[in-house]
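Chain and residue survey
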Amino acid sequence: MCPDDCGKSCAGRCGGCSGCAAVLELTQGEIDILELLGQFPFLPVARKADAEQPVFLESQDHSPEEYSRILQCLEKKNLISIDYTAPLKGCSYQAYQGFPIHGSIALTQRGQTVIELLQIQGFTS
């Protein structure tokens, strides 16, 4: 279970989700995605029909496997929502043609608050 006792299982992937704690720890990859969502309110995402792992191909800063873990951690921290029932209208999804399920990523209210805090106060490492 989550070390912050939020009832979710982080399985060691997030280093503790900090989803319910007073302190929120973010990796550089998580910050990168949040900043990208601060610029673009929605981003495309996809997945295979037989897998739950999100696929994000909009940036090459991290491997697809790393982006999958980053997105899962951000979702567990309640900073983003991933919706596979709402693909982006007008998005070609050409890079995602090997993935039959298309969806979108958006900030949650909590994610928006974190973005605003990062922009105003910065962060400490």
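Structure report, in brief. (Residues numbered from 1 in each chain as written. Predicted model: local features only at pLDDT ≥ 70, side-chain atom pairs only at ≥ 80, totals over all residues. Heavy atoms only, no water.)

All right, on to helix H2 (residues 64-76) then. Helical periodicity: at 3.6 residues per turn, an α-helix aligns residues three or four positions apart in one direction. Between its first and last C-alpha, H2 extends 18 Å over 13 residues, near the 18 Å set by a 1.5 Å rise per residue. Buried within H2 are the following residues: Tyr67, Ser68, Ile70, Leu71, Gln72, Cys73, Leu74 and Lys76. Considering only its buried residues, H2 is in contact with helix H1 (28-39), strand S1 (42-47), strand S2 (80-83) and strand S3 (101-107). Downstream of H2 by one or two residues, Asn78 has phi in the positive range, about 60°. (Helix = DSSP H or I, 4+ residues; strand = E, 2+ residues; numbered from the N terminus. Expected span 1.5 Å × (residues − 1). Buried < 20%, exposed > 50% of the residue type's maximum accessible area, 1.4 Å probe, protein only. Contact = heavy atoms within 4.5 Å.)

The subject of this paragraph is the environment of Lys89. Mapping Lys89 onto the fold places it in the loop between S2 and S3. The exposure class assigned to Lys89 is exposed, which follows from its relative accessible area of 84%. Taking the C-alpha atoms as reference, Lys89 lies 10.0 Å from Gly103; in sequence the two are 14 residues apart.

A few words now on the pattern of salt bridges. This model, assessed by the stated rule, comprises one salt bridge. Residue Glu30 is joined to Lys77 by a salt bridge in which the shortest nitrogen-to-oxygen separation is 2.9 Å. You can see Glu30 sitting in helix H1 and its partner Lys77 sitting in the loop between H2 and S2, a full 47 residues away along the chain. Accessibility expressed as a relative area gives 2% for Glu30, which makes it buried. Given a relative accessible area of 1%, Lys77 falls into the buried group. (Salt bridge = Lys/Arg side-chain N within 4 Å of Asp/Glu carboxyl O.)

In this structure, Ile33, Leu34, Phe56, Leu71, Ile80 and Ile105 are the most contacted members of the largest nonpolar core, which totals 25 residues. Secondary structure elements with two or more residues in this core: H1, S1, H2, S2, S3 and helix H3 (109-121). If sequence neighbours within four positions are ignored, Phe56 has contacts with Ile33, Leu36, Leu43, Pro44, Tyr67, Leu71, Tyr96 and Ile105. (Core = buried A, V, L, I, M, F, W, Y, C linked by side-chain atoms within 4.5 Å.)

In this section: unusual backbone geometry. Most peptide bonds take the trans configuration, and most residues that are not glycine carry a negative phi. Despite not being glycine, Asn78 shows a phi value in the positive range, around 60°. In this fold, Asn78 is placed in the loop between H2 and S2. The phi dihedral of Tyr93 falls on the positive side, at around 55°, and the residue is not glycine. For Tyr93, the position within the fold is in the loop between S2 and S3. On the accessibility criterion, Tyr93 (6% relative accessible area) is buried.

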